[in-house]
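In case you want the letters, here they are:
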Amino acid sequence: MAKSVEEQVEDIFKEELKKLKVKYFTKTEPINPSIDNALKKGPSKANKDGGNFPDIKVFLETQNQRPIPVMIEVKGLKNKLIKLDKSKNIDQSTAAVTGYAVNGAVHYAKVVLQHSDYEEVIAVGLNGYKKPDGSLETEFQAFYLSRNNELYPKLLDDVTDFSLFKETNLEHLVDLLDKVNLSEEELEKLKKEAESSLEKSIQKIHQSLYDDVVLKPLLNTDQKLYLFCGLIMAALPIKDVANLTPADLKGNKSARNNDGLTLYTRIEEFLKDRGTPDEKRQIILNLLGNIFSNEKLYKPVNGESKFKTLFAQVLSDVIPYFNSRLHLDFTGKIFNKLSEWANISTDKLNDVVLTPRYVTNLMARLAQTNKDSFVLDSAMGSAGFLVSALEIMLQDAKDSISDQELLKEKIKKIKSEQICGIEILDTIFMLAVMNMVLVGDGSSNLQHSDSLTTTIDFPATVFLLNPPYSADGKGFNFVEKALSKMQKGFACVLIQENAGAGNGGIYPAKILEKSSLIASIKMPLDLFSGKASVQTAIYLFEAGKPHNADNLVTFIDFTEDGYTRMNRKKSGQDVNLRDTDDAKGRYVELVARVLNRKTSTDYYTEANGKLIKDTISLAGNDWTFSQHVKIDNKPSLEDFKQAVKDYLSWKVSEIIQRGDSSLGK
């Protein structure tokens, strides 16, 4: 077995740093309290508490005092520079971060970013090995991690040695770093990975609750939802207040001084810090009160309360996703995972089915959501549509407004004035408020009421909805009311497909009196994979323009959307939702086809029968794709020729079998 030359490699690169006059810090040498404490607090490479010791550390500071810590890990065997996982990401498993240089350096960089105030870190992997001729071969690879890029390691192609760390070269290094941004593909990949990891973390925590013989009968599904959301809020940062840690939960048994009360007080402060209106803050606190005062949860067993155990799990396994800027529908994920373990108390009519994020995003894009949109969801569930719309609106604002003061004001207006959601169910409304609070909104425009009887004073230009299918017109009553109030804009609705084929009552015809049907999209039957098995369609409308009988509507058969879905309860999204046939490209093409834009793929065309342009009647009963498939019964010349061939073949075969000698006469 080859002997490691790690010490030699380390000495070679330390000597290089000396020649460049770049100050470095050894494994146990402190840099500053912030970095030192971060390395001490963060989980080690072996996934144990604290104790991180990079082989070499560097602290770069530019002329304008921009600080950039550098974490360097050294290895000394062939093929020990870097290890990628199956998804071609830098493997962060325990074996990889302990055995490979780049993987270890990236681990340290993430620890610094997650446990200190630094915005960016460079991770450098150094490796070396003896060649057959006895000479030493060295390897160098650098990656850039930043909060703006969601801690995603980006390879620095131009950094092939330490020369750019030299003081006179730092400005050039900074220029390189400022050009490193996540592509749309990388960002979407991060979101999917985050969703899958979040689901697995939630599942792991809930499994511990489910298996606990004492707690299993103690909390119903709704209470588990509230408990998780409460623990998350207690763990998130509050301005000018130290973060809560498991060590702050002392296991006191007093009814007036216990872990539950500590957490509850923290949640109250968090909601005030986020600007949650008094009324909504009180709704949340009322629902959480009974849970966090539960004696069986705050009294310690073997020195530790159940609250402390769960809080520590949430802090390590879930909170990192909330500290990112991905704007995922977090409480929707929590709701979906927990509902797999128990029946939802309010789900008597199969109405509480949360729309997958990739579908809410699709519908927000179909409705042409932008920074100036006013977005309404009148049956909002956990606010998944509003989260997707918010994400698009904020990104559009960032892309189009360069003045930072104007951008700040616009973002504030988007969050506080340009989104509105209404929900009647207590449990679901609670989740929606939490969802919007957790993604950074004060939830000022979320209403706990019946949208069918409430006057909606909101100038909506985008309406997004997945209505309860048991409502009148299979939910089209919600659509008709909202569209009757909209002066302009678009409505995108996910609904049972047959609601547009005569089962929507009086509402489809009434909708067409004031709005135009733009598109009808037949969705995959297994869209809700295990949670509902109804054929759905997306209907897109333009508000304020009565439908003309001569208008052409775009019908698309989108049942083959590129995804393969499964329903394994103990698996994450990476297993239950897999892109097996260019799903991303198909969703991009769908939006382009509907909005009459250029597309680079041809999955859905009139030529292959997946797209149809046709008119509809004003009765509102012929909106489904299958109703517009034309079957041509008129025989063609080729049909006639084939029929003659088939007949002659049959006749000859029959004569041969009879041995008929008349053949040829």
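Predicted model, so just to flag it, every value in this text is computed and none were measured.

## Remarks on the overall build of the protein chain
Next up, step 1: Summing up its helical and strand segments, the protein chain has 22 helices and 19 strands in all.
Next up, step 2: Taking all 665 residues of the protein chain together, the buried fraction comes to 53%.
Next up, step 3: Long-range contacts, defined here as pairs at least 24 residues apart, represent 71% of the contacts in the protein chain between residues at least 6 apart.
Next up, step 4: Looking at the protein chain as shown, the accessible area adds up to about 31,600 Å², and 49% of this sits on carbon and sulfur atoms.

## Description of helix α15 (residues 384–400)
Next up, step 1: A rise of 1.5 Å per residue sets the reference length of α15, with its 17 residues, at 24 Å; its end C-alpha atoms lie 25 Å apart and thus fit the reference within 8%.
Next up, step 2: When you tally the buried positions in α15, you get twelve out of 17 residues, the bulk of the element.
Next up, step 3: Of the residues making up α15, those classed as buried are Gly384, Phe385, Leu386, Val387, Ser388, Ala389, Leu390, Glu391, Ile392, Met393, Leu394 and Ala397.

## Comments concerning the pairing of strand β10 (residues 419–423)
Next up, step 1: Among the five residues that make up β10, five are buried, leaving the element largely enclosed by the rest of the structure.
Next up, step 2: Relative to β10, strand β9 (residues 375–377) runs parallel, the two sharing three bridges. Paired with aspartate 377 across the bridge in β10 is glycine 421.
Next up, step 3: Across three bridges, β10 lies against strand β11 (residues 446–448) in parallel orientation. Counted as the bridge partner of glycine 421 is leucine 446 from β11.

## Brief notes about a nonpolar patch on the surface
Next up, step 1: Residues Leu637, Phe640, Val644, Tyr647, Leu648 and Trp650 make up a contiguous nonpolar surface patch of about 660 Å² in total accessible area.
Next up, step 2: Mapped onto the secondary structure, leucine 637 falls in helix α22 (residues 637–658).
Next up, step 3: A relative accessible area of 57% places leucine 637 in the exposed class.

## Regarding the sheet that holds strand β5 (residues 136–146)
Next up, step 1: Taken in spatial order, the six strands line up as β1-β2-β3-β4-β5-β6 in an open sheet, and their pairing is mixed. Only two strands of the sheet have a single partner each, and these edge strands are β1 (24–25) and β6 (154–155).
Next up, step 2: The sheet contact formed by β5 and β6 spans two bridges and is antiparallel. The partner of tyrosine 144 across the bridge, within β6, is lysine 154.
Next up, step 3: Its contacts with the sheet place helix α4 (residues 101–115) against β3 (67–75), β4 (120–130) and β5, and it is angled at close to 160° to β4.

## Observations regarding the pattern of salt bridges
Next up, step 1: According to the stated counting rule, one finds 23 salt bridges in the structure shown.
Next up, step 2: In this structure, aspartate 278 engages arginine 281 in a salt bridge whose closest nitrogen and oxygen atoms are separated by 2.7 Å. With a gap of three residues between them, aspartate 278 and arginine 281 both fall in helix α9 (residues 278–292), about one helical turn apart.
Next up, step 3: Judged by relative accessible area, aspartate 278 falls into the exposed class, the value being 53%.
Next up, step 4: When the shortest N-O distance is used, the salt bridge between glutamate 589 and arginine 593 registers 3.0 Å. With glutamate 589 and arginine 593 both in helix α21 (residues 583–594) and four residues apart, the pair spans about one turn of that helix. We note that glutamate 589, like arginine 593, is buried.

## Section: the nonpolar core
Next up, step 1: Core analysis: the biggest nonpolar cluster contains 131 residues, and Leu464, Phe476 and Phe541 have the highest contact counts within it.
Next up, step 2: Counting residues in each nonpolar core, the second largest holds 31 residues, with Val5, Val22, Ile56 and Val70 among its members.

## Brief notes about the packing of aromatic side chains
Next up, step 1: With the rule as written, the count across this model stands at 17 aromatic pairs.
Next up, step 2: Both rings, one in phenylalanine 59 and one in tyrosine 118, keep their centres 6.0 Å apart while their planes meet at 80°; by these two values the pair is edge-to-face. Taken as a pair, phenylalanine 59 in strand β2 (residues 56–61) and tyrosine 118 in the loop between α4 and β4 lie far apart in primary sequence, 59 residues in all.
Next up, step 3: For phenylalanine 59, a relative accessible area of 25% gives the class partly exposed.
Next up, step 4: Ring-pair connections join several aromatic residues into one group, and the members of that group are Tyr358, Phe558, Tyr563, Tyr587, Tyr603 and Tyr604.
Next up, step 5: The ring of tyrosine 100 carries the charged tip of lysine 80 above its face, separated from the ring centre by 4.6 Å.
Next up, step 6: One Lys or Arg, arginine 586, reaches over the ring of tyrosine 603 and ends 4.0 Å from the middle of that ring.

## Examining the environment of glutamate 6
Next up, step 1: With respect to the secondary-structure elements, glutamate 6 resides in helix α1 (residues 6–19).
Next up, step 2: When its relative accessible area of 24% is taken as the criterion, glutamate 6 is described as partly exposed.
Next up, step 3: Separated by 122 residues in the primary sequence, glutamate 6 and glycine 128 have C-alpha atoms spaced 6.9 Å apart.
Next up, step 4: Leaving out residues up to four positions away in the same chain, glutamate 6 has contacts with Asp55, Val74, Lys75 and Gly76.

## Structural notes on the sheet that holds β11
Next up, step 1: Pairing within the open sheet is mixed, and its nine strands lie in the order β11-β10-β9-β12-β13-β15-β14-β16-β19. On the outer flanks of this sheet lie β11 and β19 (611–614), each paired with one strand and no other. The sheet shows a mean angle of 20° between the axes of neighbouring strands, direction not considered.

## Points about the side chain of asparagine 89
Next up, step 1: With respect to the element layout, asparagine 89 can be found in the loop between β3 and α3 (94–99).
Next up, step 2: Excluding anything up to four places from it in sequence, asparagine 89 contacts Lys83, Leu84, Tyr152, Lys189 and Glu193.

The rules behind the values
- Residues numbered from 1 in each chain as written.
- Predicted model: local features only at pLDDT ≥ 70, side-chain atom pairs only at ≥ 80, totals over all residues.
- Heavy atoms only, no water.
- Helix = DSSP H or I, 4+ residues; strand = E, 2+ residues; numbered from the N terminus.
- Buried < 20%, exposed > 50% of the residue type's maximum accessible area, 1.4 Å probe, protein only.
- Contact = heavy atoms within 4.5 Å.
- Areas by Shrake-Rupley, 256 points an atom, 1.4 Å probe, with all protein chains shown as cover.
- Expected span 1.5 Å × (residues − 1).
- Pairing = 2+ DSSP bridges.
- Patch = residues over 30% accessible without salt bridge, like charges linked within 9 Å, V, L, I, M, F, W, Y side chains within 5 Å.
- Salt bridge = Lys/Arg side-chain N within 4 Å of Asp/Glu carboxyl O.
- Axes fitted to C-alpha atoms, helices over the stretch in contact; angles between N-to-C directions.
- Core = buried A, V, L, I, M, F, W, Y, C linked by side-chain atoms within 4.5 Å.
- Phe/Tyr/Trp six-rings, centres within 6.5 Å; stacked < 30°, edge-to-face > 60°.
- Lys NZ or Arg CZ within 6 Å of the ring centre and 35° of its normal.

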